[in-house]
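These are the residues of each chain, in order.
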Amino acid sequence: MPLRQSSLPQRIRLFEMAPRDGLQNEPGAMVPTETKIELIHRLAKAGIRHIEAASFVSPKWVPQMGDAVEVMRGIRREPGVVYSALTPNLQGLENALAAGIDEVAVFGAASESFSQKNINCSIAESLKRFEPVLSRAQEADVRVRGYVSCVLGCPYEGDIAPQSVAQVARALHDMGCYEISLGDTIGVGTPLAAKRMIEAVGHEVPVDQLAAHFHDTYGMAIANLYAVMEEGVSVIDAATAGLGGCPYAKGASGNVATEDVLYLLEGLGIETGINLEAVLETGYWITSQLGRKPGSKVALARGGCPK
Ligand code: HMG
Ligand code: MG
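For clarity, every value in this text was computed on a predicted model and none was experimentally measured.

Reading guide: rules and limits
Residues numbered from 1 in each chain as written. Chains lettered and ligands numbered in written order. Predicted model: local features only at pLDDT ≥ 70, side-chain atom pairs only at ≥ 80, totals over all residues. Heavy atoms only, no water. Near = heavy atom within 4 Å. Polar contact = N/O pair within 3.5 Å; in protein donor to acceptor, adjacent residues only side chain to side chain. Areas by Shrake-Rupley, 256 points an atom, 1.4 Å probe, with all protein chains shown as cover. Nonpolar A, V, L, I, M, F, W, Y, C, P; charged D, E, K, R; others polar. Axes fitted to C-alpha atoms, helices over the stretch in contact; angles between N-to-C directions. Helix = DSSP H or I, 4+ residues; strand = E, 2+ residues; numbered from the N terminus. Parallel < 35°, antiparallel > 145°, perpendicular 65-115°, else oblique. Left-handed = near helix turned anticlockwise from the far one by under 90°. Contact = heavy atoms within 4.5 Å. Core = buried A, V, L, I, M, F, W, Y, C linked by side-chain atoms within 4.5 Å. Buried < 20%, exposed > 50% of the residue type's maximum accessible area, 1.4 Å probe, protein only. Disulfide = S-S within 2.5 Å. Donors = N, O, S within 2.8 Å, 3.2 Å for Na, K, Ca; no water. UniProt positions renumbered as here; feature names shortened; annotations may be inferred. Salt bridge = Lys/Arg side-chain N within 4 Å of Asp/Glu carboxyl O. Pairing = 2+ DSSP bridges. Right-handed = clockwise from strand over helix to strand, strands pointing away.

Peer 1: Help me understand the site of ligand 1 in this model?
Peer 2: The environment of ligand 1 is made up of 28 residues, and the closest members are Gln24, Asn118, Asn120, Ser149 and Thr185. Gln24 is positioned with one of its side-chain polar atoms (N or O) 2.8 Å from an oxygen atom of ligand 1. Relative to its unbound accessible area of 1100 Å², ligand 1 is 75% covered by the protein chains. Looking at the shell around ligand 1, its residues break down into 12 nonpolar, 12 polar and 4 charged.

Below, the structure written as structure tokens:
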């Protein structure tokens, strides 16, 4: 009998993070707004249908995302593509709505210390802060995604109990977030820990409303994704060229590379509707703009430049 991957999802929805998570931590000179816009255009052209395009956070906290309005106003909208942005509070949401955002995201954490460092408040305060964001977004008919950071470890506290992740995920879900993205912010997780975390969260939030947002600091993201797909997770966050990191999680590398996720999924016969070659070219292009090599293993294996 042929081997079958029957426990894996048949289709994966990939949520592209490069314009936001990918560029929010970029050191040195600001990435020009036109480059961000061009990146978003290329990603949409490659067949990506969900793009986190900007972040309406305080520019004092994250100057790299200070041109969110210009980015959103500058992009040519591809039909069928959802353009999303981070909105930490009502001020961010109002700015995002005025800029014509399709969807927004609030972001909390399973670690108290990370919550303080990242958004300057406790977990409980953050959840209170998100309530009016959810109400206002619902009024505007805009869907809200919820992130939980530090689901497999915290840069300040170390191990995080799966139960703490489940509690925050449940609170965001109950508040009305349509999907909860579980962030291994510092990329320290391993497959069994990832499975245990999904099991705990799955008791509180249906697994088909969970997404995996794994950074690849320790090179475990692909293995962890395979593990959580076996548990039924069918939405994956990834950044072309493996760009990025979080300014409030020192040493953390970028998201798992979109190219590497697509290579894995193609090998498993799982559909995404995305053209790997076009994403590879986009990865070469954006890293040449940034003056570095792609963080994607597949891109490096192909020689670091277009065929
Ligand atoms: P705060 O300083 O406590 O805010 O920051 P505040 O309400 O006291 O306001 C202070 C000033 O900020 C005021 O201006 C506000 O107008 C302004 P002033 O009167 O001093 O001139 N302000 C804003 N300006 C523009 N847009 C806004 C906004 N809000 C306030 N939305 C705040 C609190 C949450 C705003 C701040 O901590 C912040 O912006 N943090 C964002 C940090 C961040 O972006 N981190 C990276 C993204 S999260 C991530 O990467 C993890 C993820 O990928 C998942 C994973 O990997 O785990 C999602
Ligand atoms: Mg992230």
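Peer 1: Just to check I follow, could you spell out the packing of helix H9 (residues 221-230) against helix H10 (residues 258-268) for this structure?
Peer 2: Geometry of a packed helix pair, given as the angle between the helix axes and the separation of the axes. Between H9 and H10, the shortest axis-to-axis distance is 11 Å and the interhelical angle comes to 45°. By the criterion of interaxial angle, the relationship of H9 to H10 is oblique. Considering the relative orientation of H9 and H10, their crossing is right-handed. Residues Ile222, Leu225, Tyr226 and Met229 of H9 pack against Asp260, Val261, Leu264, Leu265 and Leu268 of H10. Grouping the amino acids of the contact of H9 with H10 by side-chain chemistry returns 8 nonpolar, no polar and 1 charged.

Peer 1: What is the right way to read the nonpolar core from this model?
Peer 2: A general trend in soluble globular proteins is that nonpolar side chains are found buried together. Counting residues in each nonpolar core, the largest one holds 108 residues, and the members touching the most others are Val148 and Leu182. For this core, the element with the highest residue contribution is helix H11 (residues 276-290), accounting for 7 residues. Here Val148 is in contact with Gly108, Ala109, Ala110, Val165, Val168, Ala169, Leu172, Ile180, Ser181, Leu182 and Gly183, once residues within four sequence places are set aside.

Peer 1: Would you mind going over the state of the cysteines with me for this structure?
Peer 2: As used in these notes, a disulfide is a covalent bond between sulfur atoms, one from each of two cysteines. Evaluated as defined, the whole model comprises 0 disulfides. Of all cysteine sulfurs in the structure, the one in Cys150 sits closest to Cys154, which takes part in no disulfide; the separation is 4.3 Å. With relative accessibility at 5%, the residue Cys154 sits in the buried group. Cys177 takes part in no disulfide bond, and the closest cysteine sulfur to it belongs to Cys121, at a distance of 15 Å. Of the residues examined, Cys177 reaches a relative accessible area of 3% and is grouped as buried.

Peer 1: Which parts of the structure should I look at to understand the coordination of the magnesium ion (ligand 2)?
Peer 2: By definition of the ideal shapes, four donors in a tetrahedron about a metal sit 109.5 degrees apart, and six donors in an octahedron sit 90 or 180 degrees apart. For the magnesium ion (ligand 2), the full set of protein donor atoms is Asp21 (OD), His213 (NE2) and His215 (NE2), at a range of 2.1 to 2.3 Å. When the donors of the magnesium ion (ligand 2) are listed by position in the chain, the intervening gaps give D-x191-H-x1-H. Here the residue Asp21 occupies a position in helix H1 (residues 18-22), and His215 occupies one in the loop between strand S7 (210-214) and H9, the gap between them amounting to 194 residues. With relative accessibility at 2%, the residue Asp21 sits in the buried group. For His215, a relative accessible area of 3% puts it in the buried group.

Peer 1: Please explain unusual backbone geometry as it appears in this structure.
Peer 2: Peptide bonds are mostly trans, and most non-glycine residues show a negative phi. Positive phi values are uncommon outside glycine, yet Asp141 reaches one of about 60°. Asp141 gets classed as exposed once you look at its relative accessible area, which sits at 70%.

Peer 1: Got a minute to help me understand the UniProt feature "domain: Pyruvate carboxyltransferase" (unreviewed entry) in the protein in this structure?
Peer 2: Per the UniProt record, "domain: Pyruvate carboxyltransferase" (unreviewed entry) is annotated on residues 12-280. Taken as a whole, residues 12-280 contains 41% helix and 16% strand, while its terminal C-alpha atoms sit 19 Å from one another.

Peer 1: I'm lost on the pattern of salt bridges in this one. Help?
Peer 2: Once their charged atoms are close, side chains differing in charge can pair, the charge on each being opposite to the other. Evaluated as defined, the whole model comprises 19 salt bridges. Between Asp21 and Arg20 there is a salt bridge whose closest N-O contact spans 3.5 Å. Among the charged side chains, a network of salt bridges with common partners joins Arg13, Arg145, Glu179 and Asp237.

Peer 1: It is not clear to me how the packing of helix H8 (residues 191-202) against H9 should be interpreted in this structure. Could you clarify?
Peer 2: Remark: H8 packs on H9, axes separated minimally by 8 Å, with the N-to-C direction vectors making an angle of 35°. By crossing handedness, the relation of H8 to H9 is classed as right-handed. Between H8, through Pro191, Ala194, Lys195 and Ile198, and H9, the contact on the second element is made entirely by Ala223, Asn224, Ala227, Val228 and Glu230. Here the residues of the contact of H8 with H9 sort into 6 nonpolar, 1 polar and 2 charged.

Peer 1: Please explain the pairing of strand S5 (residues 143-149) as it appears in this structure.
Peer 2: Successive residues of a regular strand alternate their side chains across the two faces of the sheet. Extensive coverage of S5 is indicated by the burial of 6 of its 7 residues. Note that strand S4 (residues 103-109) and S5 share 7 bridges and pair parallel. Considered in S5, the bridge of Ala105 is made with Arg145. Note that S5 and strand S6 (residues 179-184) share 4 bridges and pair parallel. The residue bridging Gly146 from the neighbouring strand is Ile180, located in S6. Remark: the S5/helix H7 (residues 162-175)/S6 crossover connection has right-handed handedness.

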